[in-house]
Amino acid sequence: MKASLYHYKTLRESPSEAELVSHKLMIRANMIKPLASGIYNWLPLGFKVLKKVENIVREEMDSSGCLEILMPMVQPKDLWDETGRSNEYGPELLGFRDRNDRDFYLGPTHEEVVTDIGRKEIKSPKDLPITFYQIQTKFRDEIRPRFGVMRAREFLMKDAYSFDIDEEAMKRSYQLIRNVYIKIFDRLGLDYRIVNADSGSIGGSSSEEFHVLADSGEDVLAFSDESDFACNVELIEEKDIGKIPGMPSPDGKGTLQIKKGIEVGHIFQLGDKYSKALGLKVQSDNVLKFLQMGCYGIGISRIVAACIEQNYDDKGIIFPKELAPFDITLILINQKNSSIVDDKASAFYEKLKHSGFDVLLDDRDCSPGVKFSDADLVGCPNQIVISQKTLDNDLYEIINRADLSKKELSESDLFAFFS
RNA sequence: CGGAGUGUAGCGCAGCCUGGUAGCGCGCCUGCUUUGGGAGCAGGAUGUCGAAGGUUCGAAUCCUUUCACUCCGACCA
């Protein structure tokens, strides 16, 4: 992509409403633009990153055998009355009425709809196990949206739902998806923890959350310094929270410490809560059995913000390789007055593209400082400088965004460096 | 919903106290010069001063109402 043709416009100052680092940087990098409280436009650069997260999640879900579907965002209130959640979920449900006086909600989650699909599609134990998932916009009328896309009212989520014949099988499905989640978050390059958590209004017997560790996190996690034990302190009596640091771990291994986390994934063993409420059952061994369900969420848009919370410096975002909007930014110095720089860069750009790299060619007519600053701000992992100086020596200068170290390499060394 | 704050050009802000018809920096447009870490000079465009009502000869400024946005809290797969 040529920067002159891309909507590559950054802000020097962050708007006053932004408080969180990720929110400020996303706005300065022109990734997102607010439309209303908790409702955002995703502009080209931000959308590109969002799609990278989405694609990683999709790839891993697909390869584990989950089946992608797309459920409607608009859901009939009747369905929510069947499970009783139209009351339970409360004012977070944004509803409206159609021209025939039928009530609808904008979907905050899809247990009801997917269970309805289940009772229409799953007729026999032979149809099991099966897991459906979707990547789709959710709407929750949060009491207080904040922190940009971190806690937005409208946001992008991957939600998956497993169906099994009995509890044992359900637990297997749960474990399988738990492992998929581990793969996903490893690939995303995030520092995260899996913690026991409260199931809240989704319900079910047990649930675990995936948290990206960050000081700006809204959740407080307690975990052992020697074992895998970890939990969300929402499970602990408030008066006891202060006593946690230094306490022996409940599993007997190590002592507890506390860190803040951003919840980016949550997996639940739902049991038969929804299958009973909506009558989802099949005949097995001459008896009708309610299906055992699990549900599994990942906050796609939240991950973009959480990733930035974990990867930035005073110059801007430092995207991990898998999420960077571009692999390489080519920075042209004074290309306007040097046709050699211009020609060489164009040829090199094509070559990199053909080698499979996603490259941003910064051919804008502006001073080098602007290009360097913008490249640092949007956080692509590598910058390659092309100037008369480097061309005279037949070298390319490559700058590593993470530590801003510089290296001069010949073209062949450079390709070797990237492969 | 309780508490606090902010709305003035695309962004950041001043002006308001003490009423006199709107300004600064960045950005944007034009031209010339410049080009290795947010360039210089010259010229230029852009505002229903969040909205409505009131007071006044006159309101960005004072009063009332209202809307939006942000922060703290409660809340939150």
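Residues numbered from 1 in each chain as written. Chains lettered and ligands numbered in written order. Predicted model: local features only at pLDDT ≥ 70, side-chain atom pairs only at ≥ 80, totals over all residues. Heavy atoms only, no water.

(A) Structural context of the pairing of strand 20 (residues 359-362). Every second residue of strand 20 is oriented toward a common face, with V359 and L361 on one face and L360 and D362 on the other, all of them buried. One crossover worth recording links strand 19 (residues 328-332) to the parallel strand 20 by way of helix 9 (residues 339-354), and it is right-handed. (Buried < 20%, exposed > 50% of the residue type's maximum accessible area, 1.4 Å probe, protein only. Helix = DSSP H or I, 4+ residues; strand = E, 2+ residues; numbered from the N terminus. Right-handed = clockwise from strand over helix to strand, strands pointing away.)

(B) Representation of the packing of helix 2 (residues 44-63) against helix 6 (residues 167-187) in the model. Packing of helix 2 against helix 6 brings their axes to within 10 Å, and their N-to-C directions diverge by 150°. Accordingly, the angle class assigned to the pair helix 2 and helix 6 is roughly antiparallel. Judged by the sense of rotation from one axis to the other, the crossing of helix 2 with helix 6 is right-handed. Facing helix 2, whose interface residues are I56, V57, E59, E60 and M61, helix 6 presents V180, Y181, K183, I184 and R187. Here the residues of the contact of helix 2 with helix 6 are counted per class, giving six nonpolar, no polar and four charged. (Axes fitted to C-alpha atoms, helices over the stretch in contact; angles between N-to-C directions. Parallel < 35°, antiparallel > 145°, perpendicular 65-115°, else oblique. Left-handed = near helix turned anticlockwise from the far one by under 90°. Contact = heavy atoms within 4.5 Å. Nonpolar A, V, L, I, M, F, W, Y, C, P; charged D, E, K, R; others polar.)

(C) The arrangement of helix 2 in detail. The end-to-end C-alpha separation of helix 2 is 28 Å, in line with the 28 Å expected for 20 residues at 1.5 Å each. For helix 2, every residue scored as buried is listed here: L45, G46, K48, V49, L50, K52, V53, E54, I56, V57, E60 and M61. (Expected span 1.5 Å × (residues − 1).)

(D) Main features of the layout of surface pockets. The volume enclosed by the largest pocket comes to roughly 920 Å³. Along the wall of the largest pocket there are 44 residues; nearest its centre are R140, R151, E263, H266 and R302. Breaking the lining of the largest pocket down by element, the ones donating at least two residues are strand 8 (154-164), strand 13 (256-271), strand 16 (292-299) and helix 8 (300-310). When grouped by side-chain class, the residues that make up the lining of the largest pocket number 17 nonpolar, twelve polar and 15 charged. (1 Å grid on protein atoms, 1.4 Å probe; cavity = no way out; pocket = protein on both sides within 12 Å on 5 of 7 lines; lining within 4 Å. Points joined across faces, edges and corners; volume = space filled by probe spheres on them.)

(E) Representation of the confidence of the model for chain A within the structure. For chain A, the mean per-residue pLDDT works out to 93, and 98% of the residues sit at or above 70. Averaged pLDDT values over the elements of chain A bottom out at 87 in strand 12 (residues 230-232) and peak at 98 in strand 3 (residues 67-68). (pLDDT = per-residue confidence, 0-100.)

(F) Expanded view of the sheet that holds strand 19. The strand order across the open sheet formed by five strands is 20-19-21-22-23, and the pairing between neighbours is mixed. Looking along the sheet, the strands with just one partner apiece sit at the ends: strand 20 and strand 23 (406-409). Looking at each pair of strands side by side, their axes are set apart by 25° on average, direction ignored. Sheet analysis places strand 21 (residues 382-386) next to strand 22 (residues 396-400), joined by four bridges and oriented antiparallel. (Pairing = 2+ DSSP bridges.)

(G) Broad picture of the packing of aromatic side chains. Going through the model one piece at a time under the given rule, you end up with 15 aromatic pairs. Plain terms: the ring middles of W80 and Y105 are 6.0 Å apart, the flat faces sit at 80° to each other, and that makes the pair edge-to-face. Of the two residues, W80 is situated in helix 3 (residues 77-83) and Y105 in strand 6 (residues 103-106); the sequence distance between them amounts to 25 residues. With a relative accessible area of 0%, W80 lands in the buried category. Residue class for Y105 comes out buried when judged on its relative accessible area of 9%. Judged by centre distance (4.2 Å) and plane angle (15°), the rings of F348 and Y396 are stacked. Of the two residues, F348 sits in helix 9 while Y396 sits in strand 22, which places them 48 residues apart along the sequence. A residue is classified by how much of its surface remains accessible, and F348, at 2% relative accessible area, is buried. With relative accessibility at 4%, the residue Y396 sits in the buried group. Ring-pair connections join several aromatic residues into one group, and the members of that group are Y181, F185, Y192 and F210. Against the face of F326 rests K48, its NZ or CZ located 4.0 Å from the ring centre. (Phe/Tyr/Trp six-rings, centres within 6.5 Å; stacked < 30°, edge-to-face > 60°. Lys NZ or Arg CZ within 6 Å of the ring centre and 35° of its normal.)

(H) Up close: the pairing of strand 6. With three bridges connecting them, strand 4 (residues 74-76) and strand 6 associate as antiparallel partners. Bridge pairing in strand 6 links V74 to L106. As defined by bridge partners, strand 5 (residues 95-97) adjoins strand 6 across three bridges and the pair is classed as antiparallel. Looking at the pairing, F96 lines up with F104 of strand 6. Connecting strand 5 to the next strand, strand 6, in antiparallel fashion are five residues, including D101 with a positive phi near 65°.

(I) Representation of the domain arrangement of chain A. Domain annotation of chain A identifies domain 1 (21-313) and domain 2 (328-418). Summarising the inter-unit geometry, the C-alpha centres of domain 1 and domain 2 are found 40 Å apart. On the domain 2 side, the residues contacting the seven residues of domain 1 number four residues. Carbon and sulfur atoms make up 52% of the area that domain 1 and domain 2 hide from each other, which totals about 460 Å². Here domain 1 is connected to domain 2 by two salt bridges. One salt bridge in this structure joins K48 and D358, with 2.4 Å as the shortest N-O distance. Summed over the shared surface of domain 1 and domain 2, the result is two residue pairs in polar contact (both at pLDDT 80 or more). When contributions to the side of domain 1 that touches domain 2 are tallied by element, the ones reaching two or more residues are helix 1 (21-28) and helix 2. In terms of residues, the side of domain 1 that touches domain 2 owes the most to one element, helix 2, which gives three residues. Looking at the side of domain 1 that touches domain 2, its residues break down into three nonpolar, no polar and four charged. (Domains from an automatic or database assignment. Buried area = accessible area lost by both parts, 1.4 Å probe. Salt bridge = Lys/Arg side-chain N within 4 Å of Asp/Glu carboxyl O. Polar contact = N/O pair within 3.5 Å; in protein donor to acceptor, adjacent residues only side chain to side chain.)

(J) Structural view of the protein's contact with RNA strand B. Of all residues adjacent to RNA strand B, which total 47 residues, the nearest are R140, R151, M157, D376 and S387. Close to the protein, within 4 Å, the atoms of RNA strand B are drawn from sugar and phosphate at a rate of 46%. Contact distances for RNA strand B include 2.9 Å between a phosphate oxygen and a side-chain N or O atom of S367. Going through the elements one at a time, strand 8, strand 13, helix 10 (368-378) and strand 22 are the ones with two or more residues in the surface near RNA strand B. (Near = heavy atom within 4 Å.)

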